[in-house]
Every structure is written in C-alpha cells, then in structure tokens.
Amino acid sequence: GAVVSQHPSWVICKSGTSVKIECRSLDFQATTMFWYRQFPKQSLMLMATSNEGSKATYEQGVEKDKFLINHASLTLSTLTVTSAHPEDSSFYICSARDFDRGGTEAFFGQGTRLTVV
Amino acid sequence: GENVEQHPSTLSVQEGDSAVIKCTYSDSASNYFPWYKQELGKGPQLIIDIRSNVGEKKDQRIAVTLNKTAKHFSLHITETQPEDSAVYFCAASFGNEKLTFGTGTRLTIIP
C-alpha cells in the first residue's frame, strides 16, 4: 500500500508553546489529507480535512485558530497546535488517499504522541 | 451523517480459533467499508476493504462480508495467531468522502 509518513512520532512541549506536526505522502500525491485525534482506548475523531491549495475544512467543535492546518503541496500537510495546554495532550494521526489508485483507500501515518507539560 | 456501531468492544479467542467482529452503518449511501488494525502507539493499518458492489472478499486468513440490505459488515479472522492481537476498527464512507469509524474492538489472542 501507499506510504504516509508522520513526524515527529512523539513530542513533549511546555504549556503555551506551539507544536508542528508534519504528514507526508511518500510515494503518491495527496490532494486531500485528514487529521484525526485519538484519546486512549477510544476511536479516531476527525478534526479536519486538509485540501491542497485551499483552506481546511474543520469538524464541528474543533477550534480552527488553535489547530492550524496548512497543505501547501501535494505531498505535505502540517498541523500546528498553537498555545498548547495539557488538555491538548493526545495522539494525533494523519491520513491520505491516493487518487491515482482510485482515491478510496485511506492510508495512515504512524501517529504523533503529544504531551503538554 | 453516517453512524457506525461496532461489536464487541473486547474479544478474546484461543490461538487457532476464529474471531468475528461486526459493524452496522446507518447511511445507505455508504459504499466503501475498510477495516483497520491498530497496534499500541501506532497508526491504523488497512488490512482489508470491501465496496458495495461485492458481498464478500477474502485475503488469506482475513475475510470481510457485506450485507447491504441489513447495512452491516463483518470481519472474519481464521486460524488466529498471537500477532493478531490488536485493536480493530471498521469504517464506512461514500466514495472518497470522510471515513466514519466504529468504536473499535480490542482483540486478544490467548496462546
């Protein structure tokens, strides 16, 4: 299957600072990427849909000013958690679809464990 | 919007036995149903998927069945092995629109 790489795999930051998470499609172009948040022992919660060259579409209840998404190229989307607080600590996962292969299959990155202290 | 329910939430089976996980969906327009395996601390890995024009799909020890009329689909794992232990998620979508995930099943294979 297609490869989606996410970086970093884990990060610890101080409260009030910002953290950037990168999501790259390594062997295909992704016009659309998705960002999820997952709490322990829970399912994936879609935060936003990232579209190359345009604004992201955020799910209801997700603060767009806190979770900044940039999709500047067909292979890279970034999620920046601004002014992070302990309640932002979570597992963040991105996914992308390979439209050259039909676009239906979604491949996930390895996730980023964010801990805000 | 779409709603996906998944059962059971936990499942323990003896090594070598079969495991079955079931999901139901609410939106009859959904036509794509993937299954993901997630190991601790990692992202979900696509293990098998099925589209609405097919009733069953098999890949070695893994199979998925779909009943469009009843709006439910199931994951079947035969001859289970310890490495099958993980959390499994079903999902549903219409085409390449966003996926709606089930709540997950924690599968434990007992040696």
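Parameters and conventions
- Residues numbered from 1 in each chain as written.
- Chains lettered and ligands numbered in written order.
- Predicted model: local features only at pLDDT ≥ 70, side-chain atom pairs only at ≥ 80, totals over all residues.
- Heavy atoms only, no water.
- Helix = DSSP H or I, 4+ residues; strand = E, 2+ residues; numbered from the N terminus.
- Disulfide = S-S within 2.5 Å.
- Buried < 20%, exposed > 50% of the residue type's maximum accessible area, 1.4 Å probe, protein only.

*Asks:* Explain unusual backbone geometry to me, please; I cannot follow it from the model alone.
*Replies:* Negative phi values dominate among residues other than glycine, just as trans dominates among peptide bonds. For the peptide bond that leads from H7 of chain A to P8 of chain A, omega is 0°, which places it in the cis range. Tracing the chain through its elements places P8 of chain A in the loop between β1 (4-7) and β2 (10-13). Residue P8 of chain B is reached from H7 of chain B by a cis peptide bond, and omega for that bond is -5°. Looking at the element boundaries, P8 of chain B is found in the loop between β1 (4-7) and β2 (10-14). Residues other than glycine seldom take positive phi values, yet E79 of chain B does so here, at roughly 45°.

*Asks:* I would appreciate a short explanation of the state of the cysteines in the present structure.
*Replies:* By definition, a disulfide links the sulfur atoms of two cysteine residues through a covalent bond. The tally for this structure, following the rule as stated, stands at 2 disulfides over all chains. A sulfur-sulfur separation of 2.0 Å characterises the disulfide bridge that pairs C23 of chain A with C94 of chain A. Because the sign of the S-S torsion sets the handedness, a value of about 80° for the bond joining C23 of chain A and C94 of chain A places this disulfide among the right-handed ones. Taken as a pair, C23 of chain A in strand β3 (residues 19-25) and C94 of chain A in strand β9 (residues 90-97) lie far apart in primary sequence, 71 residues in all. Pair check on accessibility: C23 of chain A and C94 of chain A agree, each one buried. Across the disulfide, C23 of chain B is cross-linked to C90 of chain B (sulfur-sulfur distance 1.9 Å). For the disulfide bridge between C23 of chain B and C90 of chain B, the dihedral angle about the S-S bond is near -100°, and by the sign convention the bridge is left-handed. Here C90 of chain B lies in strand β9 (residues 86-92) and C23 of chain B lies in strand β3 (residues 19-25), a separation of 67 residues in the sequence. Across this residue pair, the class does not change: C23 of chain B and C90 of chain B are buried. The structure places no disulfide on C13 of chain A, whose sulfur is separated from the nearest cysteine sulfur, that of C94 of chain A, by 18 Å.

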